[in-house]
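If you want the building blocks of each chain, they are given just below.
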Amino acid sequence: MKKYKHIFFDLDHTLWDYEKNAKETLFELHILFELSKLNILQEKLLEVYRLVNFELWRSYNKGLVNKEELREIRFFKTLGHLGIKDRMLAAKMENAFLEICPKKPHVLPNSVEVLEYLKEKYVMHIITNGFKGSTESKLVNSGLKPYFKETITSECIGITKPNAAIFEYAIKVAGTNAEESIMIGDNPETDIQGAFNSGMDRIHYNPEKRACKVEMNHSISDLIELKNHL
């Protein structure tokens, strides 16, 4: 087995349970902004938000929209698909979402158990396309922060995954090299392809067992499986 010294994790959808945390937040926003009076159902709000948010983040990862545009557009497009064109309401919902969601504590199954196991053997870090403030809040409020030495966000260096440069920067900050490092993430387009681009080994966290064309060292459907590989 190859001897790694450093592990780099993605955060959202890999350790921090974005889906559960966002769902709770959206349901709170539904009540807070009395969206039932606009004939918007909670589940429909969640469904449309997921689609809009996914496409916007995909565009952000490709450099097609920036942070400000993403945050300005996200709820305006979500409400628009639900028949409501109200920029003021959209802005209020975005601000409330950014205030509430990063404080949610939910992590994916076996996250803490596997991090407890890994911390005795490796130095661990975060590489995320998420934004600095929200990333810090997520790590603190979920209890994940103590496990990680360095947190590298695309916002801080102006480069997004899958660009090899963000991985190379992270490796340099961590004081290591690609041969001693491995990346773990859920997104084949950003995490796995990006690690491949930089010469790092990679493990694809793929709980839904979706087909993936990107070359990887291992694929796991449960984080606890990392014990078998690391």
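Okay, so let's go over this structure. These numbers were taken from a predicted model, which means no experiment stands behind them.

What counts and how
- Residues numbered from 1 in each chain as written.
- Predicted model: local features only at pLDDT ≥ 70, side-chain atom pairs only at ≥ 80, totals over all residues.
- Heavy atoms only, no water.
- Helix = DSSP H or I, 4+ residues; strand = E, 2+ residues; numbered from the N terminus.
- Rg over C-alpha atoms; globule rule 2.2 N^0.38 Å.
- Buried < 20%, exposed > 50% of the residue type's maximum accessible area, 1.4 Å probe, protein only.
- Axes fitted to C-alpha atoms, helices over the stretch in contact; angles between N-to-C directions.
- Parallel < 35°, antiparallel > 145°, perpendicular 65-115°, else oblique.
- Left-handed = near helix turned anticlockwise from the far one by under 90°.
- Contact = heavy atoms within 4.5 Å.
- Arc of directions from axis to C-beta.
- Salt bridge = Lys/Arg side-chain N within 4 Å of Asp/Glu carboxyl O.
- Phe/Tyr/Trp six-rings, centres within 6.5 Å; stacked < 30°, edge-to-face > 60°.
- Core = buried A, V, L, I, M, F, W, Y, C linked by side-chain atoms within 4.5 Å.
- Nonpolar A, V, L, I, M, F, W, Y, C, P; charged D, E, K, R; others polar.

Let us look at the overall build of the chain. Helix and strand counts for the chain come out as ten helices and six strands. In terms of C-alpha radius of gyration, the chain reaches 18 Å, essentially the compact-globule figure of 17 Å for 230 residues. Its C-alpha atoms put the chain at 60 × 35 × 30 Å along the principal axes. Relative to its full complement of 230 residues, the chain shows a buried share of 48%.

What follows covers the packing of helix 1 (residues 18-32) against helix 2 (residues 42-61). Helix 2 packs onto helix 1 with a crossing angle of 130° between their chain directions and a minimal axis gap of 10 Å. Accordingly, the angle class assigned to the pair helix 1 and helix 2 is oblique. When the axes of helix 1 and helix 2 are compared, the crossing they make is right-handed. Residues Tyr18, Glu19, Lys23, Leu26, Phe27, His30 and Ile31 of helix 1 form the contact with helix 2, whose participating residues are Gln42, Glu43, Leu45, Leu46, Tyr49, Arg50 and Asn53.

With that settled, the discussion passes to helix 5 (residues 111-118). Ser111, Val114, Leu115 and Leu118 are the residues of helix 5 that are buried. Looking down the long axis of helix 5, one finds its buried residues gathered within 100° of arc, a one-sided arrangement. Its buried side turned inward, helix 5 meets strand 1 (6-9), strand 2 (123-128) and helix 10 (226-229).

This part covers the pattern of salt bridges. All told, the structure shown has 18 salt bridges when counted by the stated rule. Among the ionic pairs, Asp10 bridges to Lys161, the shortest N-O distance being 2.9 Å. Highlighted residues: Asp10 in the loop between strand 1 and helix 1 and Lys161 in the loop between helix 7 (154-157) and helix 8 (164-174), separated in sequence by 151 residues. With relative accessibility at 2%, the residue Lys161 sits in the buried group. One salt bridge in this structure joins Asp12 and Lys138, with 2.8 Å as the shortest N-O distance. With Asp12 in the loop between strand 1 and helix 1 and Lys138 in helix 6 (residues 132-142), the pair connects residues that are 126 residues apart, well separated along the chain. You can call Asp12 buried: its relative accessible area is 16%.

Next up on the list: the packing of aromatic side chains. Evaluated as defined, the whole model comprises eight aromatic pairs. Ring geometry for Phe9 and Phe148: centres 6.0 Å apart, planes at 75°, overall edge-to-face. You can see Phe9 sitting in strand 1 and its partner Phe148 sitting in the loop between helix 6 and strand 3 (150-153), a full 139 residues away along the chain. The two residues Phe9 and Phe148 agree in class, both being buried. Ring pairs connect the aromatic residues Tyr49, Phe75 and Phe97, which therefore count as one cluster.

On to the nonpolar core. Note on soluble globular proteins: their nonpolar side chains tend to be buried together. Ranked by internal contacts, the top residues of the largest apolar core, which has 54 residues, are Phe9, Phe148, Leu226 and Leu230. No other element matches helix 2, which puts eight residues into this core.

Our next topic: the packing of helix 3 (residues 67-81) against helix 4 (residues 87-100). Running from N to C, helix 3 and helix 4 cross one another at 120°; their axes reach a closest spacing of 8 Å. Judged on the interaxial angle alone, helix 4 and helix 3 are oblique. Relative to helix 4, helix 3 is oriented so that their crossing is right-handed. For the pair formed by helix 3 and helix 4, the contact residues are Arg71, Glu72, Arg74, Phe75, Phe76 and Leu79 on the first element and Arg87, Leu89, Ala90, Met93, Glu94, Phe97 and Leu98 on the second. Residue composition of the contact of helix 3 with helix 4, by class: eight nonpolar, no polar and five charged.

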